[in-house]
Amino acid sequence: MEKTYRSIFKWGDKREQKLEKGIVDLIKEKFQYTDADFGKKVYYGNQQVHLHQKPRIPERICQKLSAISGSENVLNDDYSRASHALGKFYADLLYLRKGEVLAPPDLVVMPRTEDEIRQILALCQQENIALTPVGGLSSVTRGVETPRGGISLDLTRHLNKIVDMNTLNATVRVQPGIYGPALEKYLNERGYTCGHFPQSFEYSTVGGWVAARGAGQASTGYGKIEDLVLALSVITPTGTIDSKVFPASAEAWDLNKIFIGSEGTLGVITGITLKIRKYRPRNTAYASFIFKGFESATQAMREIMQAGTGFPHIFRLSDPVETSTAFKMKGFDNSFSDRFLKMKGYRPDERCLMFVSMEGDRDFARLLKRKIKKIAAKYGSFYTGSKPVRAWLEQRYESAYLRDPLMDAGIMTDTVETAVTWDKLIPLWTSVRNYLESREKTHVMAHISHVYENGANLYFTFLSPMKPGNEIEDYLQYHRGLIDVIQANGGSLSHHHGIGRALAPWMKQEMGKTAMGLLQAIKDHLDPKGIMNPGNTLGLR
Ligand SMILES: Cc1cc2nc3c(=O)[nH]c(=O)nc-3n(C[C@H](O)[C@H](O)[C@H](O)COP(=O)(O)OP(=O)(O)OC[C@H]3O[C@@H](n4cnc5c(N)ncnc54)[C@H](O)[C@@H]3O)c2cc1C
C-alpha cells in the first residue's frame, strides 16, 4: 500500500477490515447483493500517487521557507501534497479512489515553533500565498482542501506537545498538533481526563477539535469542545491574539468563541488551555435500556436532562432501524433474550436501545443511575444492565473502519448530523428519514449521542448502492437535498462536524445577511488578503 491513493483515504491505522457476516447478510437482503458483489473492489485506489500539477511556488520562496523551518520540513513531493489535499468527506474519498486530486497544495510545511509560524504567515501575506492549517486531516466537511494551492501547514509533526498542567486550577496547556491518545495518556497517568472522545479521537488533534468545534462521545457530561476551552493563542496575518486563563470573565466579547469553529480561516491556533477533570474510571456506573418506541425514549431523555440531578456522560439512543441493525450484526435476533423482549411487547421494528454512563464521584454516579432508572421505567423501558455499554465502549472507534470495505463493494456510506430543540426533534427525524428513504435501496439508521436540557443532536448514517459512472454527482445531489431538509425542519447545519466548504452554501440563509457580514468583517480584519484557508470555507470570501 506504500504511496498509493488507498494509503491516503483509508481510515486510521490503514488496516484492511473485513465486513462481518451480519452486515454482509443485511446488504444482501436490502440491496439484493450477491457474493460476487463483495469481491468487486470498486475504485480500489491501488495505483501509485502521481500528480499532473507541479508545485507552482517559485524556488526563491521555497528557499525562504526552508531557511525558516528547515528543508526537511518543506515537502513538495507528489505523495505529501496528495495526502494533504483532501479530508474524509465522502466525495473526497471517491476522488482519491479514482486518483483525481484536482487542487493539491503546492507545498506541505511542518513548522517547529510559533515564531516560525509567524514568519511563514508574514511571507505568505507578502507573496499572497494561500495557507491552510491542518491537524489529523479527518475533516468530513471539506475543511482542509486547498482550492488555491499554496501551503498546507501541518502542525502534527512538531507542535504536538503538552506545555504544562496545573492541578490547582485543573487545566492543561497543549500545542495544537497533539493527537487524542497522547493527551489522554498524559492526563490519565496523572489522575485526570480531558473528557473529549470524538469517534476520530485516535487520528484527530486538539487544534482540529477546537477549529471545527467538535464534540466527544461523552459530551453530555463533559461538554462540547467550546465548554472545555479556557484560553487560546492564535497567530493571524494581522497579529497574535493570546486570550488569558480566567474561570469566567465579563471583558466584553469572549475572544475564544471567535476562534472556536473558525476552521483555519482567521489564523493558526498555536496554544490551547483546556479544563481537565479527575479520572476515576472505577467509579463509573453504566446502564442500558430498551424502550418500546423512539418517541417515548426521547421523552425519557428530555426528562432526565431536565430533572436537575446532574447529567450522564455518555448518553446515546439508537432509533428502531439502528437498534435492529445492531441486533442483527451481533447475532442477537431469535436469541432467548430477543424472544423474551418480543413477548414483553418490545417489537423489533419499534424498540430502541439506550446507553448511559455516569462518571466522576462514586456517590454521584450511583445516585444518578438510580434516578435515571426511575425515569426510564416511567416511560416503559426494560433495564438491560451495564454489559452492553461496556461491550460498546470496547469497540467505540471501530465502526469508522467499515466505511472502506463498504465503499470497496460499491456502497455509498455517509453520515450527517444536526442539533435540534426537543419540540422539533421527532418531526426532523421523521422528515430526514423520509427524504433519505425516498432513494431506492437505502438503509438509514439514526441515533442521538449528545444531549442537552433544551434538545439533542441527531446523527444519521445511510448506505445505498453507488450509481456507477456518476458516483460523485449522484451523491452531491442527494447530500444537497438532505441539508435542505434539515434546514427546513429547524436543525442546525452541523452539531459537531463543522461547516467547511461542504455546508458553506447554506450559511448565508442560516445566519442572515447581517450576521454573515459580521463574520466577514472579522475575517477581513484578521486576514485582509484572504490567505487563510480560502475558497468559500464557512461561506466567507
Ligand atoms: C471516522 C470519523 C469520525 C469522526 N467523529 C467525530 C466525532 O465524533 N466528533 C467530532 O467532533 N468530529 C468527528 N469527526 C470529524 C473530525 O474528526 C473533527 O472535525 C476533528 O475535530 C478534526 O480534527 P483534525 O485534527 O483531523 O483536523 P483537520 O481535519 O486537519 O482540520 C479540520 C479544520 O480545522 C482547521 N484546523 C486544524 N488545525 C488547526 C489549527 N491549529 N489552527 C487553525 N485551524 C486548524 C483546518 O484548517 C480545518 O478547517 C469524525 C471524522 C471521521 C473521519
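This structure is a prediction, so every number in the text was calculated from the model and none was measured. Just so you know, the residues in each chain are numbered from 1, in the order the chain's sequence is written. With pLDDT at 70 or above as the cut-off, local features in this predicted model cover only qualifying residues; side-chain atom pairs require 80 or more to be listed or tallied, and sums for whole chains, interfaces and linings still use all residues.

### Notes on the site of the ligand
Should the C-beta atom of a residue, placed from the backbone, lie within 6 Å of a molecule or strand, that residue is near it. As a matter of local geometry, the ligand sits amid 37 residues, with Gly 135, Gly 207, Gly 208, Gly 214 and Gly 264 nearest to it. Gly falls in the polar group here, along with every residue not listed as nonpolar (Ala, Val, Leu, Ile, Met, Phe, Trp, Tyr, Cys, Pro) or charged (Asp, Glu, Lys, Arg). Its residues placed into classes, the shell around the ligand shows 16 nonpolar, 19 polar and two charged. Split by domain, the residues of the shell around the ligand number at least three in each of domain 1 (48-154) and domain 2 (162-278). Segment limits for the domains were obtained from an automatic or database-derived domain assignment.

### Points about the domain arrangement of the protein
Under the domain assignment, the protein is made up of domain 1 (48-154), domain 2 (162-278), domain 3 (281-396) and domain 4 (506-539). Distance from the C-alpha centre of domain 2 to the C-alpha centre of domain 3: 30 Å. Each side of the interface is counted separately: domain 2 has five residues, and domain 3 has eight residues. The class makeup of the residues in the side of domain 2 that touches domain 3 is two nonpolar, three polar and no charged. Remark: residues whose backbone-derived C-beta atoms lie within 7 Å of one another are considered to be in contact.

### Section: the sheet that holds strand β12 (residues 285-291)
Here we have seven strands laid out as an open sheet, ordered β15-β12-β14-β13-β17-β18-β16, and antiparallel in their pairing. Taken across any chain shown, the strands that pair with only one partner, and hence form the sheet edges, are β15 (382-385) and β16 (411-421). Strand after strand, the sheet turns through a mean of 20° between neighbouring axes, direction not considered. Two strands make a pair as long as DSSP finds a minimum of two bridges between them. Only runs of H or I of at least four residues qualify as helices and only runs of E of at least two qualify as strands under DSSP, and these elements are numbered from the N terminus. Helix axes are fitted to C-alpha atoms over the stretch in contact, other axes to C-alpha atoms as well, and angles between N-to-C directions run from 0 to 180 degrees.

### Topic: the packing of helix α12 (residues 294-305) against helix α15 (residues 362-378)
The contact between α12 and α15 brings their axes to 9 Å, and the two run at 145°. Considering only the axes of α12 and α15, their crossing is right-handed. Together, Ala 300, Glu 303 and Ile 304 of α12 and Ile 372, Ile 375 and Ala 376 of α15 make up the contact between the two elements. In the contact of α12 with α15, the residues fall into five nonpolar, no polar and one charged. Crossing chirality is assigned from the near helix's rotation relative to the far helix, an anticlockwise turn below a right angle marking it left-handed and a clockwise turn marking it right-handed.

### Some words on the pairing of strand β14 (residues 352-358)
Counts of 20 or more other C-beta atoms within 10 Å of a residue's own C-beta define buried residues, counts of 12 or fewer define exposed ones, and intermediate counts define partly exposed ones; C-beta atoms are placed from the backbone. In terms of burial, β14 is a largely internal element, seven of the seven residues being buried. Of the two faces of β14, the one carrying Cys 352, Met 354, Val 356 and Met 358 and the one carrying Leu 353, Phe 355 and Ser 357 are both buried. Relative to β14, β12 is paired through seven bridges, and the arrangement is antiparallel. Opposite Phe 289, over in β14, you have Met 354 as the bridge partner.

### Here we look at unusual backbone geometry
What you tend to see is this: most non-glycine residues have negative phi, and most peptide bonds are trans. In this structure, Glu 263 takes a positive phi of about 50° despite not being glycine. Structurally, Glu 263 can be placed in the loop between α11 (255-259) and β10 (268-275). With a phi angle near 65°, Asn 334 is a residue other than glycine that sits in the positive phi range. Its location among the elements puts Asn 334 in the loop between α13 (320-329) and α14 (336-343).

### Some remarks on the environment of Asp 524
Checked against the element boundaries, Asp 524 lands in helix α21 (residues 513-526). Residues Asp 524 and Leu 540 lie 16 residues apart in sequence; the distance between their C-alpha atoms is 9.7 Å.

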